[in-house]
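Residue-level structure breakdown
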Amino acid sequence: MPRAMWSGAISFGLVTVPVKMYPAVRAKTVRFNQLDGADNSRIKQQRINAATGEEVPYDRLVKGYELSPDRYVVIEPKELEAIQPEKTKTIEIEDFVDLADIDPVHFDTPYYLAPAVGGAKPYKLLLDAMNETGKVAIARVVLRTKEALVAIRPMAAGSVIGCSTMVFADEVVPADSLEELEAAGEVKTTKRELDIAKQLVESLAADWEPDRYEDSYREEVLKLIEAKASGEEIAVVETPEEAPEEVPDLMAALKASLDAVRGTEAPAKPKGRGGKAAAKPAAKKKTAAEST
């Protein structure tokens, strides 16, 4: 049974919804320890004074913000405590906005909100209202010692109220700061190219089934660990770096991809601009997060 990490209430208008908050994600990262390669002994991290070279005990550590190289302003714990947001047990809804208007880049960590004692009916009412209107509640809540901006919205196919922490606007890197996007903005595509690209997208369309996508890299890492732990010899094959391939003729690549997806006999690989055969489009692969 999961354990609630926070309990309180959602407040909108004069309506109060008692809720409990649970993590919606449990990361499954394969973690490694640092060892000494000579005898596989665990490495200890030490706190060393950069000026004197001596080890510094915990009771002498202070927080410092670097203003310029080797110039710091020291902040005392009590000074930080004095400006920490007041801890409350309420998620105050400020606005309801359209989900489609929120760029996914703003979403951070997801949580589930479950109704607490006496909160089942107002909880269901809020959930149904958001499902029907397509609206998302924007609110603030203090988690631990930090105020977080959150989006309260239906999750798990609309069956539960979710609460995703959000990054603030000034934390998002503007997409127009990427120089490479200028070239893409100047390119014009033809209607024929777009039509074939849309057909290719439709041919690859499928229902969202999250169980189909497994972290195959993590599974391979665990198999490697198990094999080495049992004393197996691991043969490492060096993979040579491949030179980037030349850009193929776009229209020919689109047609070849569409034929391959539809299960017809794929035509000869289209020639690139330099006369080199373009790479055959890769088949769909299961995504794998690089967890180490």
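Below is a summary of the structure that appears in this document. Since we're looking at a predicted model, the values are computed, not measured.

As a further point, take the pairing of strand β1 (residues 6-12). Counting buried residues along β1, six of its seven residues qualify, which places the element largely inside the surrounding structure. Direction of pairing for β1 relative to strand β2 (residues 15-23): antiparallel, over a ladder of seven bridges. In the sheet register, Ser7 faces β2, and the bridge partner there is Lys20. Between the antiparallel neighbours β1 and β2 lie two residues, among them Gly13 with a positive phi of about 65°. Taken together, the three bridges between β1 and strand β7 (residues 90-98) define a ladder with parallel strand orientation. Bridging from a neighbouring strand, Ile10 pairs with Ile91 of β7.

Judged from the five bridges that link them, β2 and strand β8 (residues 107-115) form a sheet pairing that is antiparallel. For Val19, the partnering residue across the bridge sits in β8 and is Pro115.

For the rest of this paragraph, the subject is unusual backbone geometry. With a phi angle near 60°, Asn40 is a residue other than glycine that sits in the positive phi range. Relative to the helices and strands, Asn40 resides in the loop between β3 (35-36) and β4 (41-42). Residue classification places Asn40 among the exposed positions, given a relative accessible area of 55%. Positive phi outside glycine occurs at Ala157, with the angle close to 60°.

Here helix α5 (residues 216-229) is 14 residues long and its end C-alpha atoms lie 20 Å apart, about the 20 Å a rise of 1.5 Å per residue gives. Regarding α5, the residues found buried are Arg218, Val221 and Ala227.

Moving on, we get to the pattern of salt bridges. Within the structure shown, the criterion is met by 10 salt bridges. The residue Glu55 makes a salt bridge to Arg47 at a minimum N-O spacing of 3.8 Å. The partner of Arg140 in a salt bridge is Glu147, and the shortest N-O contact between them spans 3.5 Å. Overall, the relative accessible area of 35% leaves Glu147 in the partly exposed class. Shared partners join several salt bridges into a network, and the residues in it are Glu94, Arg140 and Glu147.

What follows covers the packing of helix α4 (residues 191-203) against helix α6 (residues 250-262). Axis separation between α4 and α6 bottoms out at 10 Å; the angle between their running directions is 25°. Considering their axes alone, α4 and α6 lie roughly parallel with respect to each other. Note that α4 runs across α6; the crossing there is left-handed. Contacts between α4 and α6 involve Arg192, Glu193, Ile196, Ala197, Gln199, Leu200 and Ser203 from the former and Leu250, Met251, Leu254, Lys255, Ser257, Leu258, Val261 and Arg262 from the latter.

Let us now look at the environment of Gly13. With respect to the helices and strands, Gly13 occurs in the loop between β1 and β2. On the accessibility criterion, Gly13 (70% relative accessible area) is exposed. Expressed as a C-alpha distance, the spacing of Gly13 and Glu94, which sit 81 residues apart in the sequence, is 9.6 Å.

Conventions adopted
- Residues numbered from 1 in each chain as written.
- Predicted model: local features only at pLDDT ≥ 70, side-chain atom pairs only at ≥ 80, totals over all residues.
- Heavy atoms only, no water.
- Buried < 20%, exposed > 50% of the residue type's maximum accessible area, 1.4 Å probe, protein only.
- Helix = DSSP H or I, 4+ residues; strand = E, 2+ residues; numbered from the N terminus.
- Pairing = 2+ DSSP bridges.
- Expected span 1.5 Å × (residues − 1).
- Salt bridge = Lys/Arg side-chain N within 4 Å of Asp/Glu carboxyl O.
- Axes fitted to C-alpha atoms, helices over the stretch in contact; angles between N-to-C directions.
- Parallel < 35°, antiparallel > 145°, perpendicular 65-115°, else oblique.
- Left-handed = near helix turned anticlockwise from the far one by under 90°.
- Contact = heavy atoms within 4.5 Å.

Everything listed here is a matter of coordinates, which is why it stays silent on function.
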